[in-house]
Structures are given as C-alpha cells and as structure tokens.
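Survey of secondary and tertiary structure
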Amino acid sequence: FRSRRSPSPSVRAEPPPPERSPDPEVRLQHARDVAWTALNRRDHTVADLARTLSRKRVEPAVIEAVVGELCEQGYLDDARYAHRFADDRRRLDGWGAERIERRLREAGVDPDVIAAAVGEQDHARELDAALALLRRRFPDPPAAPRDCERALGMLVRKGYELELAHDAIRLHAGVAAFE
C-alpha cells in the first residue's frame, strides 16, 4: 500500500509561458522575439506579421506595439514588400499584374500600395513578359484552336489580362495585333 503524498514543498510550480506572464515587459519581449524569428526567415507584411503574433497568442495591444516599433525602425514596410514581391513574381515566375495584385491583397497590403507596386510595369513590358513566357512554354506557335486556348488559359492563370494574353498569342504566331 502506497500513500499518496502531495509534492514536497521544494518542488516549484513552472512559471507561466512568456505570452501569459504577469510582467508586461516579459510579454513584450516574447512578442519581439517571435517577430524577429519570423522576419529572419523572410520579409512579411504588417498584416502577415500581426497574424503570426496572434497565432502565438500575443495580446492585441502588444501586437500593435511591436508592429509599430518594427515599422518605425524600417524593418517592416508594406511598400518595400509589395515592390519586391511584384518584381520577384514577374521575373522568377512570369506572373502578370492581376495575379500579383490578388496575392498582395490576400497578404493584407493596402490597395494604394498595391497600385503603386503593380503599376510600375507598363503595357509594353507586360506584353514582352507574356510573350517570353509563351515562347518558353510553347516554343512552336499554337496553330490549332485547342492549342491557342491552352496558351491563352496558361497566360490568364499567370495573371495576364485577357486582351494582353490575346495580343501575346498573336505576336507569337506572327500575326499583327488588331487595332
């Protein structure tokens, strides 16, 4: 027969996790640590970092304070993020303006910032990018209607406007654009 004894008085209870600490400075430092860990992995938008902190059960007032600090110090900047994202997606993935705009909206970037980042590329450069992508994916110009539809679908999925996609296909096929 074993007696059930309570733990000895020398055994201390574990301290609360940092996000629940009674000390506001500990909670603030925990939020900073989480934010820096996220920013060390990749660039984030303000909304994205706020969601990350929220998932780590950081209180809203602390989230606001940490995000404000990082914005003030220049480590968190939606405009810089949007410009870099747009440039990378155009250059690396061949995305068009519509797809870039949609993804930036999903990331919580302000519409004015999105317009500035996406609007940097003029129509001629966008057409050249669509044509380069088309030549890479379809080395031989599409001749049959089904091939044209496949090429058009690919360009539209990449985020190019429908009319621009049609123009790119016409140029790839050697047909002058209708005016």
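Before going into details, it helps to say that this report is about the structure given with it.

Rules behind the numbers
Residues numbered from 1 in each chain as written. Predicted model: local features only at pLDDT ≥ 70, side-chain atom pairs only at ≥ 80, totals over all residues. Heavy atoms only, no water. Helix = DSSP H or I, 4+ residues; strand = E, 2+ residues; numbered from the N terminus. Buried < 20%, exposed > 50% of the residue type's maximum accessible area, 1.4 Å probe, protein only. Contact = heavy atoms within 4.5 Å. Areas by Shrake-Rupley, 256 points an atom, 1.4 Å probe, with all protein chains shown as cover. Core = buried A, V, L, I, M, F, W, Y, C linked by side-chain atoms within 4.5 Å. Expected span 1.5 Å × (residues − 1). Arc of directions from axis to C-beta. Phe/Tyr/Trp six-rings, centres within 6.5 Å; stacked < 30°, edge-to-face > 60°.

Moving on, we get to the overall build of the chain. When helices and strands are counted, the chain shows nine helices and zero strands. Reading the chain from its N end, one meets helices and strands in the order α-α-α-α-α-α-α-α-α. For the chain, the residues scored as buried account for 36% of the 179 residues in total. Pairs at least 24 apart in sequence give 59% of the contacts found in the chain among residues at least 6 apart. Counting only carbon and sulfur atoms, one obtains 50% of the accessible surface of the chain, whose full area is about 11900 Å².

Here we come to the nonpolar core. Counting 15 residues, the largest nonpolar core has Leu49, Leu53, Val66 and Leu70 as its most contacted members. Contributions of two or more residues to this core are made by helix 1 (24-41), helix 2 (46-55) and helix 3 (60-73). Dropping the residues within four chain positions of it, Leu49 is found in contact with Ala35, Ala38, Leu39, His44, Leu70 and Leu76.

Position of His172 among the secondary structure elements: in helix 9 (residues 162-173). You can call His172 buried: its relative accessible area is 9%. Excluding residues within four positions of it along the chain, His172 makes contact with Leu131, Leu134, Arg135, Phe138, Pro139, Asp140, Pro141 and Pro142.

Here we take up helix 8 (residues 145-157). For helix 8, spanning 13 residues, the distance from its first C-alpha to its last is 18 Å, which sits close to the expected 18 Å at 1.5 Å a residue. Within helix 8 the residues assigned to the buried category are Ala151, Leu152, Met154 and Leu155. With its buried residues spanning 160° around the axis, helix 8 presents them on a single face. Exposed and facing more than 90 degrees away from the buried side of helix 8 are Pro145, Arg146, Glu149 and Arg157. Tucked inside the fold, the buried residues of helix 8 contact helix 7 (123-137) and helix 9.

Before going further, it helps to examine the environment of Glu101. Within the secondary structure, Glu101 is located in helix 5 (residues 97-106). Exposure remark for Glu101: the relative accessible area of 34% places this residue in the partly exposed category. Considering only alpha carbons, one finds Glu101 and Pro111, ten residues apart in sequence, at a separation of 8.8 Å.

Within this structure, the stated rule accounts for three aromatic pairs. Here the aromatic rings of Tyr81 and Phe85 are separated by 6.0 Å at their centres, their planes lie at 15°, and the arrangement is stacked. A residue pair is termed a helical-turn pair when its members lie 3 or 4 positions apart in one helix, as Tyr81 and Phe85 do in helix 4 (residues 78-93) at four residues. We note that Tyr81, like Phe85, is buried. Ring plane angle 70° and centroid distance 6.1 Å describe the contact between Phe85 and Trp95, whose orientation is recorded as edge-to-face.

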